[in-house]
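Results of the structural survey
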Amino acid sequence: RRGAISAARAVAGGLLGRHAINDALGNAATALGLKRHPQDNLDEVIALDRRLTDRFPPERCRSVFFFMAGGRSQYDGYYSIRDKHPRSRLREVMESGAEIGLHASYEAGANPSQLAAEREELEIVSGGKIEKNRHHFLAWREPEHGQTIAEAGIRWDATLGYAELSGFRLGVCRPVRLFDPVHRRPLDIEEHPLTVMDCTLDRPNYMNLGEEEAFEQVRKLIDETYRHRGEFVCLWHNTVLASDDKSFHKQLYVRVLDYLGSLLEKDQCGL
């Protein structure tokens, strides 16, 4: 029944102009179990991540998959986390050993009081405690939202990076405790600053780089992080790793993982 409801919502979204009609019909067919969507590829993403996670311990390298559990704006997800297929994919990620986090909706970015309900929904479906978060569109809009986000039970966040430019937004490559500028006190949130996001590199309205330029940019950020023995936090969406994506991001992601692996291997060998 939930699949039918999601299918109806997908079609309605297309008819109302929220999404392209072809995308809406494709999502409806996926919700009904009639076909596998190219972006239904978390098993492939898990396999890519294992290029590192199978070789190094969690304290050196870990993978976090962020799932949406709410949001009704035109910028939010097509799926309901309660539907059978998203639930099965979530279980598949958990069984792989990767961690689960909340992908706070665009709506929750504008109205952070919604975040607690989204976190609770994901906890119900996953059966585990959810304390990690990344906002959709990196839409943590105001510094003063931090208190509400902390009150929602988020203790670990990786939102604070630039969308339009890769680099060290907070000026550091290490986890930092966030600060509430309104009440002038530390927050119980450990921020893991985002260093680079996939679409930042190639979108015309952002950095507009080709593959080689993008790899060189990421390599420099990795080297700087390594030099300071910091934490390199990168974000790749499963959508750009899908078979129907025409960008260079899949091959770039593999190159980035392999380069990170070479540095981790160097450390392991005592070089």
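Refer to the structure above for everything that follows.
Residues numbered from 1 in each chain as written. Predicted model: local features only at pLDDT ≥ 70, side-chain atom pairs only at ≥ 80, totals over all residues. Heavy atoms only, no water.

1. Remarks on the packing of helix α9 (residues 211-227) against helix α10 (residues 249-268)
The contact between α9 and α10 brings their axes to 10 Å, and the two run at 25 degrees. It follows from the interaxial angle that α9 and α10 lie roughly parallel. Regarding α9 and α10, the two cross each other, and that crossing is right-handed. Of the residues in α10, those touching α9 at Glu-211, Glu-212, Ala-214, Phe-215, Val-218, Arg-219, Ile-222, Asp-223 and Tyr-226 are Gln-251, Leu-252, Arg-255, Val-256, Tyr-259, Leu-260, Leu-263, Lys-266 and Asp-267. By residue class, the composition of the contact of α9 with α10 is 10 nonpolar, 1 polar and 7 charged. (Axes fitted to C-alpha atoms, helices over the stretch in contact; angles between N-to-C directions. Helix = DSSP H or I, 4+ residues; strand = E, 2+ residues; numbered from the N terminus. Parallel < 35°, antiparallel > 145°, perpendicular 65-115°, else oblique. Left-handed = near helix turned anticlockwise from the far one by under 90°. Contact = heavy atoms within 4.5 Å. Nonpolar A, V, L, I, M, F, W, Y, C, P; charged D, E, K, R; others polar.)

2. Overview of the sheet that holds strand β3 (residues 132-135)
One open sheet accounts for 6 strands, arranged β1-β2-β3-β4-β6-β5; its pairing is mixed. The strands lining the two open edges of the sheet, one partner per strand, are β1 (64-67) and β5 (176-180). Examined bridge by bridge, β5 and strand β6 (residues 185-191) share 4 bridges and lie antiparallel to one another. Of the residues in β6, the one forming a bridge with Asp-180 is Arg-185. Of the strands in this sheet, β1, β2 (99-104) and β3 are in contact with helix α6 (residues 115-126), which crosses β2 at around 145 degrees. (Pairing = 2+ DSSP bridges.)

3. What to know about the environment of Gly-128
With respect to the helices and strands, the residue Gly-128 is situated in the loop between α6 and β3. Once the C-alpha coordinates of Gly-128 and Ile-100 are considered, the two residues, 28 residues apart in sequence, prove to be 9.0 Å apart.

4. A short note on the packing of aromatic side chains
In this structure the tally under the stated criterion is 6 aromatic pairs. Centre to centre, the rings of Tyr-75 and Tyr-106 are 4.7 Å apart; their planes meet at 55 degrees, and the pair counts as tilted. Placement of Tyr-75 in the loop between β1 and α4 (84-96) and of Tyr-106 in helix α5 (residues 106-110) is noted, with a sequence separation of 31 residues between them. Classification of Tyr-106 as partly exposed rests on a relative accessible area of 23%. The ring centre of Tyr-226 lies 4.4 Å from the NZ or CZ of Arg-229, which sits over that ring. (Phe/Tyr/Trp six-rings, centres within 6.5 Å; stacked < 30°, edge-to-face > 60°. Buried < 20%, exposed > 50% of the residue type's maximum accessible area, 1.4 Å probe, protein only. Lys NZ or Arg CZ within 6 Å of the ring centre and 35° of its normal.)

5. Observations regarding the packing of helix α3 (residues 42-53) against α4
A packed helix pair is summarised by two numbers, namely the angle formed by the two axes and the spacing between the axes. Two elements in contact, α3 and α4, have axes separated by 10 Å at closest approach and are oriented at 15 degrees. As far as their axial angle goes, α4 and α3 are roughly parallel. Our pair here, α3 against α4, has a crossing hand that is right-handed. Mapping the contact onto sequence places Leu-42, Asp-43, Ile-46 and Arg-50 in α3 and Arg-89, Glu-92, Val-93 and Ser-96 in α4. Grouping the amino acids of the contact of α3 with α4 by side-chain chemistry returns 3 nonpolar, 1 polar and 4 charged.

6. Points about the nonpolar core
Ranked by internal contacts, the top residues of the largest apolar core, which has 53 residues, are Phe-67, Leu-122, Leu-201 and Trp-236. Among the elements that make up this core, the one with the highest residue count is α10 (8 residues). Setting aside residues no more than four positions away along its own chain, Phe-67 makes contact with Leu-42, Tyr-79, Ile-81, Arg-89, Leu-90, Val-93, Ile-100, Gly-101, Leu-102, His-103 and Leu-122. Among the nonpolar cores identified, the runner-up in size contains 10 residues, and Phe-66, Leu-194, Cys-199 and Val-233 belong to it. (Core = buried A, V, L, I, M, F, W, Y, C linked by side-chain atoms within 4.5 Å.)

7. Some points on the pairing of β3
Judged by which residues are buried, β3 turns out to be covered on both faces: Lys-132 and Arg-134 on one side and Asn-133 and His-135 on the other are all buried. Of the strand pairs in this sheet, β2 and β3 are connected by 3 bridges, and their pairing is parallel. Among the inter-strand pairings, Ala-104 is bridged to a residue of β3, identified as His-135. Across 2 bridges, the pairing between β3 and strand β4 (residues 156-157) is parallel. By the bridge assignment for β4, Asn-133 is matched with Asp-157. Once the chain exits β3 it traverses helix α7 (residues 146-151) before rejoining the sheet at β4, and the crossover so formed is right-handed. (Right-handed = clockwise from strand over helix to strand, strands pointing away.)

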